[in-house]
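Notes for the structure review
Each chain, written out:
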Amino acid sequence: MSQFVRIVKGTIAALALACSTVIGFTLMMPFALLKLVLPFKPARRVFDAAIMGIGEAWIGVNQWWMDMVGHTRWQLSGHEGHRRKGWYLVSSNHQSWVDILVLQYVFNRRIPLLKFFIKQELIWVPVIGLCWWALDFPFMKRKGGGSAQKDLETARKACEKFRVIPTSVISFMEGTRFTKAKHDQQRSPYQNLLKPKSGGVGMALETMGEMFDCMLDITIVYPHGVPTFTDLLMGRVDEVVVNVKEVKIPKEVLVDERGQAPSRATVQTWIQGLWEAKDREISEIKARYQGK
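What comes next concerns the included structure. This is a predicted model, so every value here is computed, not measured. (Residues numbered from 1 in each chain as written. Predicted model: local features only at pLDDT ≥ 70, side-chain atom pairs only at ≥ 80, totals over all residues. Heavy atoms only, no water.)

Re the overall build of the protein
- Counting secondary structure elements, the protein contains 9 helices and 8 strands.
- Over its C-alpha trace the protein gives a radius of gyration of 19 Å, about what one expects of a compact globule, namely 19 Å for 292 residues.
- Its C-alpha atoms put the protein at 65 × 45 × 40 Å along the principal axes.
- Counting every position in the protein, which comprises 292 residues, the buried fraction comes to 52%.
- Sequence-distant contacts in the protein: of pairs separated by 6 or more residues, those separated by 24 or more amount to 75%.
- Accessible surface for the protein amounts to roughly 14400 Å². Of this, 58% is attributable to carbon and sulfur atoms.
- Computing the positive centroid from 39 side-chain charges and the negative centroid from 27, the protein places the two 4 Å apart. (Helix = DSSP H or I, 4+ residues; strand = E, 2+ residues; numbered from the N terminus. Rg over C-alpha atoms; globule rule 2.2 N^0.38 Å. Buried < 20%, exposed > 50% of the residue type's maximum accessible area, 1.4 Å probe, protein only. Contact = heavy atoms within 4.5 Å. Areas by Shrake-Rupley, 256 points an atom, 1.4 Å probe, with all protein chains shown as cover. Lys, Arg positive; Asp, Glu negative; His and termini not counted. Charge placed at Lys NZ, Arg CZ, Asp CG, Glu CD.)

Remarks on the sheet that holds strand E6 (residues 168-171)
- A sheet is described by the order of its strands in space; here 6 strands give the open sequence E1-E8-E7-E2-E6-E3, paired in mixed fashion. Looking at strand neighbours, the two that pair on one side only are strand E1 (73-77) and strand E3 (114-116), the edges of this open sheet. Each adjacent strand pair in this sheet contributes to an overall mean axis angle of 25°, direction not counted.
- Sheet topology places E1 next to strand E8 (residues 239-247); 5 bridges connect them, and they run parallel. Following the sheet pairing, Gln75 is matched in E8 by Val241. (Pairing = 2+ DSSP bridges. Axes fitted to C-alpha atoms, helices over the stretch in contact; angles between N-to-C directions.)

Some remarks on the nonpolar core
- Met28, Trp65, Leu103 and Phe116 are the most contacted members of the largest nonpolar core, which totals 51 residues.
- Once residues within four sequence positions are removed from consideration, Leu103 is found in contact with Ser92, Leu114, Phe116, Ile170, Phe172, Ile218 and Ile220.
- Counting 31 residues, the second-largest nonpolar core is a separate cluster that includes Tyr190, Val241, Trp270 and Ile271. (Core = buried A, V, L, I, M, F, W, Y, C linked by side-chain atoms within 4.5 Å.)

What about the packing of helix H1 (residues 3-37) against helix H2 (residues 41-69)?
- Two elements in contact, H1 and H2, have axes separated by 10 Å at closest approach and are oriented at 180°. The angle between H1 and H2 falls in the class roughly antiparallel.
- Residues belonging to the contact of H1 with H2 are distributed by class as follows: 19 nonpolar, 5 polar and 4 charged. (Parallel < 35°, antiparallel > 145°, perpendicular 65-115°, else oblique. Nonpolar A, V, L, I, M, F, W, Y, C, P; charged D, E, K, R; others polar.)

Digging into the pairing of strand E2 (residues 88-92)
- Burial runs high along E2: 5 of the 5 residues are buried.
- Along E2, one buried face is formed by Tyr88, Val90 and Ser92 and the opposite face, lined by Leu89 and Ser91, is buried too.

Thoughts on the side chain of Asp136
- Here Asp136 shows up in the loop between helix H4 (128-134) and strand E5 (139-140).
- Here the side chain of Asp136 touches Lys35 through a polar contact of 2.9 Å, side chain to side chain.
- Excluding residues that lie within four positions of it along the chain, Asp136 makes contacts with Lys35, Arg44, Asp48, Lys115, Lys161 and Phe162. (Polar contact = N/O pair within 3.5 Å; in protein donor to acceptor, adjacent residues only side chain to side chain.)

Right, dumping it as structure tokens:
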């Protein structure tokens, strides 16, 4: 594909994304405002269902332009057979803003709309920040200290809202995008991952753990290099590997032997086991593509 054609397609994709975002925002806001003045569960179910439907249509436009601009080879496994009206705890490694659109591309209308834990400052992103607010995405400060307790309380309130209609709660447990510099600074024990954080997931388990059908443990690999958002718009994402595993949530991370919420150490130990397996999986995937 010539550079000129890529630029034309990238421009069309950017316009489609901008237009669908503005339209989605315009349609969502009346329902979001109604939720504020009528915060009753029966009303919330109606308003949330409407907002979720608008969100899925928005993602559908993204799926269209992603297919239009490029010829990405999607290597998918384990992504089918889930319930659209189920409750899922979702976990994934995180390397790029592209990860979000990849996950939405793979799961749109297969499971309930993904709800992300995202950074507080992103609420100020024009238009889309308010869309995330309308969709009840939890905004987290992630600064440690006193802010950490506020983040956990934010997560708790968000998860209480998620109990109203079927929801997929997703956490990038590394808390930030993977880079070699961050990996070295952390002295991460994993070859391909940063250290996982259990706070948001722990709160989701404490608040609505008995409602989750399972955890969907997702591994994303870009065999030819991690793309930027511009690469996605320009159709320069050649191949994406997405492996999905259903993981039964063990009882010990829901309640302890006294019937109380488990300690963070218990949840962290479970997550570390998942992370060790994911790290090996990423290494195996990368090894298969070496020399191709």
